[in-house]
Amino acid sequence: MAAVVFESGKNVDYAHDHMKGVKDLLDAGVTNSVPDKYVFPENRRPSVAQVVQGESIPIIDISGLDGSQHERLQTIQSLAQACADWGFFRVINHGIEESLIGSMLDVAHQFFLLSSEEKMKYGNRDVLDPVRYGTSFNAKVDQIFNWRDYLKHFCHPVMQTPDNPPNYRDVAGQYFKETRKMALKLMAAISESLGLQPSYIETVFREGLQVGIVNFYPGCPEPELTMGIAPHSDHGGLTILFQNEVGGLQVRHKDHWVAVEPVPNTFVVNLGDHLEIVSNGRYKSVEHRAVVNAERTRISIASANGPALHALIFPAPQLIDETHPPLYRSMLYGEYLRLQQSTELIGKGNLDLLKIPKQE
Ligand code: OGA
Ligand code: NI
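Draft legend 1. A look at the site of ligand 1. Taken together, Arg148, Asn215, Tyr217, His232, Asp234, Leu241, Leu249, His288, Arg298 and Ser300 make up the full set of residues adjacent to ligand 1. Asp234 is positioned such that a nitrogen or oxygen atom in its side chain is 3.3 Å from an oxygen atom of ligand 1. Taken by itself ligand 1 offers 290 Å² of open surface, and the protein chains cover 95% of this. Those elements that place two or more of their residues in the shell around ligand 1 are strand S6 (210-217) and strand S13 (298-305).

Draft legend 2. Quick peek at unusual backbone geometry. With an omega dihedral of 5 degrees, the bond running from His156 to Pro157 counts as a cis peptide bond. For the peptide bond that leads from Asn164 to Pro165, omega is -5 degrees, which places it in the cis range. Structurally, the position occupied by Pro165 is in the loop between strand S5 (149-156) and helix H6 (168-193). The backbone of Asn93 shows a phi angle near 50 degrees, a positive value even though the residue is not glycine. Inspection of the secondary structure assignment puts Asn93 in the loop between strand S3 (88-92) and helix H4 (98-113). Positive phi, close to 60 degrees, is recorded for Ser136, a residue that is not glycine. Following the sequence through the fold, Ser136 ends up in the loop between strand S4 (131-135) and S5. Among the residues examined, Ser136 registers a relative accessible area of 0% and is labelled buried.

Draft legend 3. View of the environment of Asn305. Following the sequence through the fold, Asn305 ends up in strand S13. Each C-alpha atom, one on Asn305 and one on Val211, is 6.7 Å from the other, the two residues being 94 residues apart in sequence. Residues within four places of Asn305 in sequence aside, it is in contact with Arg180, Ala183, Met187, Phe205, Leu209, Gln210, Gly236, Gly237, Leu238 and Ile240. A polar atom in the side chain of Asn305 sits 3.1 Å from the backbone oxygen of Ser303.

Conventions and cut-offs
- Residues numbered from 1 in each chain as written.
- Chains lettered and ligands numbered in written order.
- Predicted model: local features only at pLDDT ≥ 70, side-chain atom pairs only at ≥ 80, totals over all residues.
- Heavy atoms only, no water.
- Near = heavy atom within 4 Å.
- Polar contact = N/O pair within 3.5 Å; in protein donor to acceptor, adjacent residues only side chain to side chain.
- Areas by Shrake-Rupley, 256 points an atom, 1.4 Å probe, with all protein chains shown as cover.
- Helix = DSSP H or I, 4+ residues; strand = E, 2+ residues; numbered from the N terminus.
- Buried < 20%, exposed > 50% of the residue type's maximum accessible area, 1.4 Å probe, protein only.
- Contact = heavy atoms within 4.5 Å.

Dropping the structure here:
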């Protein structure tokens with residue numbers, strides 16, 4: 001086997017270091033340039049020119065959902081607008097303690113500072129394994145690697161976490177419980193905004209799978225050549241994301257990208273593929289991506305809320321009639337999740353596989 005030379009990033013022996021995370025690569029001395037494996041072709045690089053200035057995602061004050069009937073209806077209207085126009089919005093007055101968010105960021109960071117051996121206890125696992133550490137998106141199939149390490153773990157129905165850091169389980173337990181509560185409240189409101197029973201979508205998610213995803217994007221020597229996470233839509237219903245003070249998230253809006261700046265104590269919510277299916281296309285899942293930067297480590301924490309793995313996913317029957325035929329065929333959510341997690345990120349390509357061709 002060829003010797004591993006770390007001075008120049010271009011010579012790293014990937015046959016050997018295939019699964020090594022970006023953090024561990026940097027620790028091993030790859031600091032001057034981005035190894036070839038991470039270099040995106042020019043037409044897929046995150047050019048600054050594609051990012052539109054002066055636009056931002058809508059802001060929703062969700063305390064209105066617990067207010068008077070009038071306040072609740074007004075909030076639902078703003079939500080409906082945000083879901084239809086953007087599929088992405090910022091949530092304020094959510095009631096989650098800022099100190100809990102801080103502790104969560106802290107334990108998340110601590111996890112990635114553990115030794116490679118400790119993290120690899122959860123490495124090389126199946127995409128449906130309840131606790132999984134990895135790099136890129138799916139290092140087994142990715143042709144080009146994303147500049148990203150991640151930890152994914154199931155949070156509901158059963159909380160499963162890594163053993164270390166020792167307080168991870170306690171902090172993540174509280175954090176993901178709170179974000180799930182927020183997700184269910186939003187689902188009820190989104191049901192109503194579609195003219196469904198308030199409980200329709202919420203029920204679909206009540207026994208559902210919640211996955212906690214911790215993304216770790218270390219500073220990158222040549223950020224313009226690579227991507228933190230390539231454009232994709234999320235497979236579930238609603239994703240609730242918190243990003244630390246280092247920006248990088250971008251959302252596709254019409255034909256351009258809009259940066260979602262970090263704002264303290266606010267969450268970013270986006271609609272995933274499953275909600276597009278349930279709403280029979282009234283609302284759309286939205287493509288997003290994350291770019292990296294030269295100086296600072298970016299951490300984001302996503303709470304991905306979907307239905308149960310064994311649930312069949314299909315458009316709500318109440319939203320189907322002669323003028324609105326079903327646009328998606330049904331599939332088991334577990335199957336859809338496996339499909340999405342086993343392929344390289346391809347925008348919304350996985351959802352296309354479920355689309356029913358239009359009858360002329
Ligand atoms: C994700 C994701 C974006 C970010 O984990 O699915 O889109 O800002 N993350 O890290
Ligand atoms: Ni995502």
